[in-house]
Amino acid sequence: TEEFRTGLATLGERQLSFDLWCYSNQLKEAANVASDVPQTRIVLDHMGTPVDLAKNPGLVDVWYEGLAAVAENRNVWLKLSGLLMPIVGFGYHERETPTSHRELVDAMAPHIAKGIELFGVDRCMFASNFPMDKVSSSYSAIFDAYLAIADGLGLGAEAKEKLFAGTASSFYRLGA
């Protein structure tokens, strides 16, 4: 709505940011909204939550197209998180045995790589989605998976520092 866009523009005027959580089928609209408020810093939470991704492999291309549309807006950053929520469909929350480190890496790595490809390390940040992800895995297992994914992508120390701390610190102006 126009009121929502006005509010977002006001955030930018006041040097504030906005955390946006939407589903993958809403990413094109998110891209349009972001383009209307280029002075407002926005972070897309949980990679635009692809509902039933694990059960619907055909969704990947549509989801990636939506992420690419959002990434065209230089005022938008991406949180590399939320892929283990039950709504994404991997079913880890239904298991009696904990997910293995390898399963987490295999499930998340291609999508995290795509997010980094689209947004770059300067606009990506690893993030926790606790306690929501607790039903799927432990915090330490997810964090270890993030470390393994970063290593597997061959990222250097500077890129890793940005993904694990620097980008978030800059986006949220933690040093200001």
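Everything discussed here concerns the structure shown above.
Not measured: the values here are computed from a predicted model.

**Here's the deal with empty space enclosed by the protein**
- For the coordinates displayed, the defined rule picks out 1 cavity of 30 Å³ or more.
- Here the largest cavity defines a volume of roughly 30 Å³.
- Leu20, Ala30, Ala34, Ile42, Val70 and Val76 together form the lining of the largest cavity.
- Of the residues that constitute the lining of the largest cavity, the class distribution is 6 nonpolar, no polar and no charged.

**Description of helix H4 (residues 101-119)**
- Taking 1.5 Å of rise per residue, 19 residues should cover 27 Å, and H4 covers 26 Å from first to last C-alpha, within 8% of that figure.
- Of all the bends in H4, the greatest reaches close to 40 degrees and is centred on Met108; the proline Pro110 follows between one and four positions later.
- Of the positions making up H4, those classed as buried are Leu104, Val105, Ala107, Met108, His111, Ile112, Lys114, Gly115, Ile116 and Phe119.
- Those residues of H4 hidden inside the fold are in contact with helix H3 (59-71), strand S3 (76-80), strand S4 (124-126), helix H5 (139-152) and helix H6 (157-171).

**Focus: the sheet that holds S3**
- Judged by pairing direction, the sheet is parallel, and its 4 strands sit side by side in the order S1-S2-S3-S4 without closing on themselves. Edge strands, defined here as strands with exactly one partner in the open sheet, are strand S1 (17-20) and S4. Each adjacent strand pair in this sheet contributes to an overall mean axis angle of 25 degrees, direction not counted.
- Along the sheet face, H6 touches S1, strand S2 (41-44), S3 and S4 and points at about 120 degrees away from the line of S4.

**Overview of the state of the cysteines**
- The final tally for this structure, using the stated rule, is 0 disulfides.
- The structure places no disulfide on Cys22, whose sulfur is separated from the nearest cysteine sulfur, that of Cys124, by 15 Å.
- The exposure class of Cys22 is buried, given its relative accessible area of 7%.

**Observations regarding the nonpolar core**
- Within the largest apolar cluster, 49 residues are counted, with the highest numbers of intra-cluster contacts made by Leu44, Trp63, Leu80, Met108 and Ile112.
- At 8 residues, H3 tops the list of elements feeding residues into this core.
- Those residues in contact with Leu80, other than ones at most four positions away along the chain, are Met47, Ile112, Ile116, Cys124, Met125, Phe126, Ala127, Tyr146 and Leu163.

**Some points on helix H1 (residues 2-13)**
- Taking 1.5 Å of rise per residue, 12 residues should cover 16 Å, and H1 covers 16 Å from first to last C-alpha, within 8% of that figure.
- The complete set of buried residues in H1 reads Arg5, Leu8, Ala9 and Gly12. For H1, the buried positions fall inside an angular range of 100 degrees around the axis, keeping them on one side. Of the residues in H1, the exposed ones pointing more than 90 degrees away from the buried face are Glu3 and Glu13.
- In the core, the buried residues of H1 are packed alongside S1 and helix H2 (27-36).

Thresholds applied
Residues numbered from 1 in each chain as written. Predicted model: local features only at pLDDT ≥ 70, side-chain atom pairs only at ≥ 80, totals over all residues. Heavy atoms only, no water. 1 Å grid on protein atoms, 1.4 Å probe; cavity = no way out; pocket = protein on both sides within 12 Å on 5 of 7 lines; lining within 4 Å. Points joined across faces, edges and corners; volume = space filled by probe spheres on them. Nonpolar A, V, L, I, M, F, W, Y, C, P; charged D, E, K, R; others polar. Helix = DSSP H or I, 4+ residues; strand = E, 2+ residues; numbered from the N terminus. Expected span 1.5 Å × (residues − 1). Bend = angle between axes of the 7 residues up to and from the residue. Buried < 20%, exposed > 50% of the residue type's maximum accessible area, 1.4 Å probe, protein only. Contact = heavy atoms within 4.5 Å. Pairing = 2+ DSSP bridges. Axes fitted to C-alpha atoms, helices over the stretch in contact; angles between N-to-C directions. Disulfide = S-S within 2.5 Å. Core = buried A, V, L, I, M, F, W, Y, C linked by side-chain atoms within 4.5 Å. Arc of directions from axis to C-beta.

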